[in-house]
Amino acid sequence: MKTIFKISLVLLLGLTACDRDFDEPNPNSPTIASFWKNAGDAEKGVNATYSTFYRTASTYSRWMFYHGSLKSDEGFGSGGDIGLNNLVSFNQNDYNQNLTAETWQNLYVGVYRANQVIANVPTIEMDEALKARLIGEAKFLRALFYFNLTLYYGRPPLMLEPSQPLDTPPNASTEEAYAQVALDLEQAIPDLPVSYTGIDLGRATRGAAYALLGKTYLQQNKYAEAAGAFEWLIEGPGANLYDLTENYRDNFLISTENNIESVFEIQFQENLSETTDNDVDESRVNNTGTSIAQFYAPPGIGFNDGAARRWLIDEFLEETTTNGERDPRLAASFIYNFTNPSGPDDTQVYGQSFSSRFGNGPNANGVWFRKLLNDHWKNQEGFRSPNNYRLIRYADVLLMYAEALNGLDRTGEAYQYVDRVRQRAGLATLTSAMPGLNQDQFLEQLKHERITELSGEAWRFADLKRWGDLSPALSSRDPEFQNFVVGKHENYPIPQRDIDLNPNLTQNPKY
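Residues numbered from 1 in each chain as written. Predicted model: local features only at pLDDT ≥ 70, side-chain atom pairs only at ≥ 80, totals over all residues. Heavy atoms only, no water.

1. Some words on the overall build of the protein chain
For clarity, the cut-off: The numbering of helices and of strands both runs from the N terminus, where a helix is a DSSP run of H or I of at least 4 residues and a strand a run of E of at least 2. Only C-alpha atoms enter the radius of gyration, while the globule expectation follows 2.2 Å times N to the 0.38, with N the number of residues. Each residue gets one of three labels from its accessible area relative to the maximum for its type: buried under 20%, exposed over 50%, partly exposed in between, using a 1.4 Å probe on protein chains only. Residue contacts are defined here by distance: any two heavy atoms, one from each residue, within 4.5 Å place the two residues in contact. All accessible-area figures derive from a Shrake-Rupley calculation using a 1.4 Å probe, and residue coverage is judged against the displayed protein chains alone.
If you tally the helices and strands in the protein chain, you get 19 helices and 8 strands. Over its C-alpha trace the protein chain gives a radius of gyration of 22 Å, about what one expects of a compact globule, namely 24 Å for 511 residues. Dimensions of the protein chain, computed from C-alpha atoms along their principal axes, come out at roughly 65 × 50 × 50 Å. Buried positions account for 61% of the 511 residues belonging to the protein chain. Contacts in the protein chain between residues at least 24 apart in sequence constitute 70% of all its contacts with a sequence separation of at least 6. Carbon and sulfur atoms provide 49% of the accessible area of the protein chain, an area that totals close to 19,300 Å².

2. Side note on the environment of Asn387
As a reminder, the rule being used: Residues adjacent in sequence count toward polar contacts only when both atoms are side-chain atoms; beyond that, a polar contact is any pair of N or O atoms within 3.5 Å, and within protein one must be able to donate a hydrogen and the other to accept it.
On the secondary structure map, Asn387 appears in the loop between β7 (368–369) and β8 (389–393). As for Asn387 and Gln267, which are separated by 120 residues in sequence, their C-alpha atoms are 7.9 Å apart. Discounting residues that sit within four places of it in the chain, Asn387 has contacts with Phe252, Leu253, Ile254, Glu257, Phe268, Thr290, Lys371, Leu372, Leu373, Asn374 and His376. Polar contacts involving the side chain of Asn387 include one to the main-chain carbonyl oxygen of Leu373, which spans 3.1 Å.

3. Considerations on the packing of aromatic side chains
Filter applied, for reference: Whether two aromatic rings pair depends on their centres lying within 6.5 Å, for rings of Phe, Tyr and Trp, where Trp uses its six-membered ring; planes under 30 degrees apart make the pair stacked, over 60 edge-to-face, and the rest tilted. Charge-over-ring placement is defined geometrically: NZ (Lys) or CZ (Arg) within 6 Å of the ring centre, and within 35 degrees of the ring normal.
Under the counting rule described, the total for this entry stands at 36 aromatic pairs. On the numbers, 5.7 Å between centres and 50° between planes, the contact of Tyr153 with Tyr492 is tilted. In this pair, Tyr153 is assigned in helix α6 (residues 128–153) and Tyr492 in the loop between α18 (460–467) and α19 (496–501), connecting sequence segments 339 residues apart. Tyr492 matches Tyr153 in its accessibility class, with the two residues each being buried. Here a set of aromatic residues connected by ring pairs shows up, and it is made of Tyr50, Phe53, Tyr60, Phe65, Phe140, Phe145, Phe264 and Tyr389. For the cation-ring pair, Arg62 lies above Phe295, with the distance from its terminal atom to the ring centre recorded as 3.6 Å. In this structure, Arg477 is placed above the aromatic ring of Trp311, and the distance from its NZ or CZ to the ring centre is 4.3 Å.

4. Some points on the packing of helix α5 (residues 98–120) against α6
The line we're drawing: Axis angles are defined between N-to-C directions and span 0 to 180 degrees, where every axis is a line fitted to C-alpha atoms and, for a helix, only to the segment in contact. Angular relationships are summarised with four words: roughly parallel below 35 degrees, roughly antiparallel beyond 145, roughly perpendicular across 65 to 115, and oblique for the angles in between. Two helices crossing with the near one rotated counterclockwise from the far one by less than a right angle form a left-handed crossing, whereas a clockwise rotation gives a right-handed crossing. Any residue that is not Ala, Val, Leu, Ile, Met, Phe, Trp, Tyr, Cys, Pro, Asp, Glu, Lys or Arg is counted as polar, Gly included; the first ten are nonpolar and the last four charged.
It is at 9 Å that the axes of α5 and α6 come closest, and there the two elements cross at 155°. The pairing of α5 with α6 is recorded here as roughly antiparallel in orientation. For the element pair α5 and α6, the recorded crossing hand is left-handed. Across from Thr100, Thr103, Trp104, Leu107, Tyr108, Gly110, Val111, Ala114, Asn115, Val117 and Ile118 in α5, the residues of α6 making contact are Leu134, Ala138, Lys139, Arg142, Phe145, Tyr146, Asn148, Leu149 and Tyr153. Looking at the contact of α5 with α6 residue by residue, the class counts come to 13 nonpolar, 5 polar and 2 charged.

5. Comments concerning unusual backbone geometry
The phi dihedral of Thr56 falls on the positive side, at around 65°, and the residue is not glycine. Examined against the element boundaries, Thr56 turns out to sit in the loop between α2 (39–51) and α3 (63–70). A positive phi angle is found at Phe90, which is not glycine, with a value near 60°. Along the chain, Phe90 turns up in the loop between α4 (82–88) and α5. Among the residues examined, Phe90 registers a relative accessible area of 7% and is labelled buried.

6. Digging into the packing of helix α15 (residues 411–424) against helix α17 (residues 439–454)
Two elements in contact, α15 and α17, have axes separated by 12 Å at closest approach and are oriented at 20°. Here α15 is positioned roughly parallel relative to α17, judged by the angle of their axes. At the point where α15 passes α17, the crossing takes the left-handed sense. In contact with Thr411, Ala414, Tyr415, Val418, Val421, Arg422 and Arg424 of α15, α17 contributes Gln439, Phe442, Gln445, Leu446, Glu449 and Glu453. The residue makeup of the contact of α15 with α17, split by class, is 6 nonpolar, 3 polar and 4 charged.

7. Observations regarding the environment of Thr168
Within the secondary structure, Thr168 is located in the loop between α6 and α7 (174–188). Judged by relative accessible area, which is 31%, Thr168 ranks as partly exposed. The spatial distance from the C-alpha of Thr168 to the C-alpha of Ile499 is 9.7 Å, given a sequence separation of 331 residues. Those residues in contact with Thr168 that lie beyond four places of it in its chain are Leu501, Asn502, Pro503 and Asn504.

8. Some words on the side chain of Arg390
Along the chain, the position of Arg390 falls in strand β8. The class for Arg390 is buried, based on a relative accessible area of 3%. Within the structure, Arg390 has its side chain in polar contact with the backbone oxygen of Asp250 (distance 3.4 Å). Among the polar contacts made by the side chain of Arg390, one reaches the main-chain carbonyl oxygen of Leu253 at a distance of 2.8 Å. Leave out the neighbours within four places in its chain, and Arg390 touches Asp250, Asn251, Phe252, Leu253, Thr256, Glu257, Ser262, Phe264, Glu265 and Glu457.

9. Things to note about the pattern of salt bridges
Going by this rule: Should a side-chain nitrogen of Lys or Arg be within 4 Å of a carboxyl oxygen of Asp or Glu, the pair is scored as a salt bridge.
One pass over the full model with this rule turns up 34 salt bridges. A salt bridge links Arg203 to Glu43; its shortest N-O distance comes to 3.1 Å. Here the residue Arg203 occupies a position in the loop between α7 and α8 (206–219), and Glu43 occupies one in helix α2, the gap between them amounting to 160 residues. With its nearest N and O atoms 2.8 Å apart, the salt bridge here joins Glu449 to Arg422. Taken as a pair, Glu449 in helix α17 and Arg422 in helix α15 lie far apart in primary sequence, 27 residues in all. With respect to class, Glu449 is no different from Arg422; both count as buried. One salt-bridge network, in which partners are shared between bridges, spans Glu261, Asp327, Arg329, Lys371, Arg393, Arg424, Glu453 and Glu457.

10. Side note on α2
Helical geometry: 3.6 residues make up each α-helical turn, so side chains three or four residues apart lie on a common side. Note the threshold: Working rule for helices: expected span equals 1.5 Å times residues minus one.
Taking 1.5 Å as the rise per residue, α2 with 13 residues should run 18 Å; its terminal C-alpha atoms sit 18 Å apart, in good agreement. For α2, the N-terminal capping position is held by Asn38, with its side-chain oxygen 3.0 Å away from the main-chain nitrogen of Gly40.

Without other data, these values stay purely geometric and don't point to any function.
Next comes the structure, spelled out in structure tokens:
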């Protein structure tokens with residue numbers, strides 16, 4: 001069962017740029033003053049905040065995967081979307097370009113919705129435990145939106161109250177923005193439950209907040225704080241809540257969603273009657289599915305707008321399992337001519353062999369990200385995939401904890417957590433395969449481990465940024481990085497239209 005967060009509240013549409021006159025009241029819509037009255041209103045407000053996940057293509061329906069994977073060295077724009085291709089090859093000239101400006105805009109829609117909950121729910125007379133939980137969920141979500149704004153834009157303005165038309169907030173520094181993310185999560189943690197059941201499955205949990213808190217600190221190389229957050233999930237109470245699934249691919253199938261390895265996942269649902277991606281258009285039916293599969297699927301099945309770099313395959317082939325077989329995560333991660341080790345005649349691509357689909361044509365050496373696709377149950381993709389996105393998995397937490405311990409020069413302690421991830425894949429433990437690594441060597445090995453475990457899950461750009469590895473040196477495996485300018489392309493430009501409207505907002509360096 002999965003929860004889909006639907007809303008019918010025009011008042012929660014947030015900071016959208018459009019032609020409507022916001023000074024003109026809509027007689028058919030509730031006002032903010034008249035809305036926040038009871039527990040049902042509070043829950044609707046939180047649901048509206050979750051609904052931002054599938055509001056247009058700009059966040060977790062599609063574009064967050066472009067930002068996290070295609071902009072990194074693991075992927076590229078492989079189709080006819082010129083705007084996307086220019087963006088991920090560091091040739092962006094339009095600072096109002098949809099892929100960056102609309103992601104910024106809709107992340108702030110999420111912030112605005114969360115702010116309304118945080119500002120208005122405390123005064124509602126309702127069950128105090130439920131009130132605290134809902135506010136905690138809103139703070140978790142605001143933290144997630146600001147984590148992304150900080151990761152991709154560097155210096156987002158902090159808006160912590162419901163915005164007003166004449167607000168002109170200045171940029172926050174990266175440190176200030178991440179500090180706010182951490183504060184929101186720390187405040188949310190005591191009031192979030194450790195788990196949910198029934199229709200509430202998929203809401204933010206205490207473990208999800210600890211994991212995102214650890215990510216926030218690790219992204220800043222604050223290893224002690226990161227390790228402290230991850231410990232709750234690994235050595236503390238969360239150790240009994242989470243584990244690795246026996247089958248790696250269960251983390252990417254619709255039949256095994258919200259499993260024991262899932263720390264937080266974006267809930268999607270196929271809605272065949274949907275007519276819009278705008279979640280505040282009450283005259284139409286909202287799409288609660290994700291469109292990424294349609295754009296990531298190979299040609300003839302989907303649009304092939306984004307594909308994977310072939311160098312990734314070699315990373316998986318560096319080692320075999322203890323039984324002498326190929327790392328099973330390779331076939332779970334990519335569609336290519338040897339997804340089946342027997343070759344293109346035996347590799348199935350949505351019900352047909354790879355060789356029959358692509359032969360010796362231009363896509364014969366193509367590699368496509370598989371984890372977000374539906375080839376396990378469909379022969380064609382579409383715009384409303386129900387396949388949940390596992391935003392944070394326990395395997396990711398284990399590897400991040402190992403990285404934090406290594407950063408604290410506790411490398412010997414870190415081995416066991418990498419061992420757990422490798423053993424699930426059938427590989428020898430790192431303890432036996434590469435004993436005695438020093439701190440630098442262990443980090444280099446962790447970089448490899450994160451590729452083989454997390455490729456195509458939209459964390460690669462964050463990893464490269466954290467490690468300080470974003471540079472033209474990556475062009476040896478991704479030619480697009482020849483265009484990368486150090487000190488510029490680590491962040492997207494702030495939308496020019498926002499700067500034009502806000503005299504206190506400044507552009508990112510070198511744009």
